[in-house]
Amino acid sequence: MPPLRNDCFALPPGVHWTPVDEALDMLRSRLRAVVGQEDVAVPDALGRIVARDVMATRAHPPLANTAVDGYGFAGGRGDGPHELPLLDADMPAGAVPDQSVPAGTAVRILTGAALPPGVDTVILQEDVTVEAGQVRFEGPLKQGANTRAAGEDVVAGAVVAPAGRRLTPADLALLSAVGVGRVAVRHSLRVGVLSTGDELVQPGAEARPGQIFDANRPMLRALIAQLGHVAVDLGHVCDDRAALAAVLDRAVGEVDAILTSGGASAGDHDHVSALLNDTGTMQMWRVAIKPGRPLALGLWQGVPVFGLPGNPVAAMVCTLIFGAPALSVLAGAAWRAPQGFAVPAAFTKRKKAGRREYLRARIRDGRVEAFASEGSGRISGLSWAEGLVELPDAAGEVSVGDLVRFIPWGGFGA
Ligand code: AMP
Ligand code: MG
């Protein structure tokens, strides 16, 4: 008997499998922020999502100033030696220049100090000699050298952090630099994580043969935390419809969204999809993606539920591809496509056209390696990987050296 082909579970003909991009467009167009807002001090706002555009209170820099320690005067200078009398004055940073510097004279000026009237050019202190009250240097020097114009970085009133932005350490510097002390941010999105399945046992507990340890819950909780949300552990439920409904009921009010894993297909034991189906809000997502299984998406008393496949590899990929952008919109963040880059492949691969494929991958020596097995049960491959290679829907064959798109975990926002 010839072995089954790897693609024996190829997409059935005649069934509409939604392309990944169409599925994402639907999430993008139909989801919106579900969390409120609060004001926090800028130093406490790291990782928070801006709720309303933040404008610069004033320009940065507020005044024209010098970029170096040196000597300021008016105008550039041509080739050859120059000599200017030095004023008996100092311009340290923070001083407010009032006194004008007469044409043809120089003033000592220190980095960050505002240019006094009459100064538009600064020469670096290392490039001059100062002797007997004279500053001497060799030209040429361009007019405006070593100075910064007022507002050259940010003009007053400019948007420095648009609504939907997740604040980075650099953003905290920018907001502070333009005088913003407090910022309106979204409440953190609370995401419940629930595992389903009779076969699951808590890691570390006694497991009978046939039972497996719950690997998805720690992974999904950690992923949610890395995506900047608050993970809420909803525990594990057996394949029991009433018990599952009770857990979902309890979660309502405690969380803003729920990720379940397992039981999301259309079988007798798939109670997540069955329960969501009863709500009348469910959509069974048959997306043209590998790895991936049908996803059950629906609302439980208004709370969005993402019914992920039980298989850990599919659960992780579906969370990164669909969950991460969806949660980010629910959290009030702007839509952000995963950011990847083209890298030569260190592997070969044959792929069916018509579906998007993601390979567990990592970069070594400037080339991207794919995990040796595409087996969707291989959690070790997830752990080995440092990101995913994304093979476009239409792609056929990949040869060594072909450019493929690698998306590091961080490119998904994780
Ligand atoms: P299901 O989607 O419920 O049909 O599960 C698909 C596969 O994933 C089965 O082999 C399950 O045992 C496995 N699985 C489901 N949930 C988990 C979990 N939390 N951790 C590890 N494997 C799981
Ligand atoms: Mg199950």
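Because the structure is predicted, anything quoted here is derived from the model rather than measured. (Residues numbered from 1 in each chain as written. Chains lettered and ligands numbered in written order. Predicted model: local features only at pLDDT ≥ 70, side-chain atom pairs only at ≥ 80, totals over all residues. Heavy atoms only, no water.)

A. The sheet that holds strand β17 (residues 257-261), seen in detail. Here six strands make up an open sheet; going across it, the order is β16-β13-β17-β21-β20-β18 and the pairing mixed. The sheet is open, and its two borders are formed by β16 (230-237) and β18 (283-285), each paired with just one other strand. Looking at each pair of strands side by side, their axes are set apart by 20 degrees on average, direction ignored. Two strands pair when backbone bridges link them, and β18 and strand β20 (residues 295-300) are joined in this way by three bridges, in the antiparallel orientation. Bridge pairing links Met284 to Ala296 in β20. Against the sheet, helix α4 (residues 241-251) engages β13 (190-196), β16, β17 and β20, with an angle of about 160 degrees to β16. (Pairing = 2+ DSSP bridges. Helix = DSSP H or I, 4+ residues; strand = E, 2+ residues; numbered from the N terminus. Axes fitted to C-alpha atoms, helices over the stretch in contact; angles between N-to-C directions. Contact = heavy atoms within 4.5 Å.)

B. Summary view of the packing of aromatic side chains. Scanning the model with the defined rule gives four aromatic pairs in all. Seen in terms of ring centroids, Phe73 and Phe137 are 5.6 Å apart; in terms of plane orientation they differ by 10 degrees. Their pairing is stacked. Taken together, the positions of Phe73 in strand β4 (residues 70-73) and Phe137 in strand β9 (residues 134-141) put the pair 64 residues apart, joining distant regions of the chain. On the basis of relative accessibility, which here comes to 4%, the residue Phe137 falls in the buried class. (Phe/Tyr/Trp six-rings, centres within 6.5 Å; stacked < 30°, edge-to-face > 60°. Buried < 20%, exposed > 50% of the residue type's maximum accessible area, 1.4 Å probe, protein only.)

C. Spotlight on the sheet that holds β9. Taken in spatial order, the six strands make up an open sheet running β7-β4-β6-β5-β9-β8, and their pairing is mixed. At either margin of the open sheet sits one strand with a lone partner, and together these are β7 (121-124) and β8 (129-131). When strand polarity is set aside, the average angle formed by the axes of neighbouring strands in this sheet is 40 degrees. Two elements, β8 and β9, share three bridges in a ladder whose sense is antiparallel. Bridge pairing in β9 places Glu131 opposite Gln134.

D. Geometry of the domain arrangement of the protein. Segmentation of the protein into domains returns domain 1 (20-36 + 187-330), domain 2 (38-60 + 152-186), domain 3 (65-148) and domain 4 (341-412). One C-alpha centre belongs to domain 1, the other to domain 3; they are set 65 Å apart. (Domains from an automatic or database assignment.)

E. Summary view of unusual backbone geometry. The peptide bond linking His60 to Pro61 adopts the cis configuration, its omega dihedral lying at -10 degrees. With respect to the helices and strands, the residue Pro61 is situated in the loop between β2 (54-55) and β3 (65-66). Residue Pro140 is bonded to the preceding Gly139 through a cis peptide linkage, with omega at 5 degrees. Within the element layout of this structure, Pro140 appears in strand β9. For Asn146, which is not glycine, the phi dihedral falls at a positive 60 degrees. With respect to the helices and strands, Asn146 occurs in the loop between β9 and β10 (147-148). Phi at Gln301 takes a positive value of approximately 45 degrees, unusual for a residue other than glycine. Among the secondary structure elements, Gln301 is positioned in the loop between β20 and β21 (303-308). Here Gln301 falls in the exposed class, since its relative accessible area comes to 53%.

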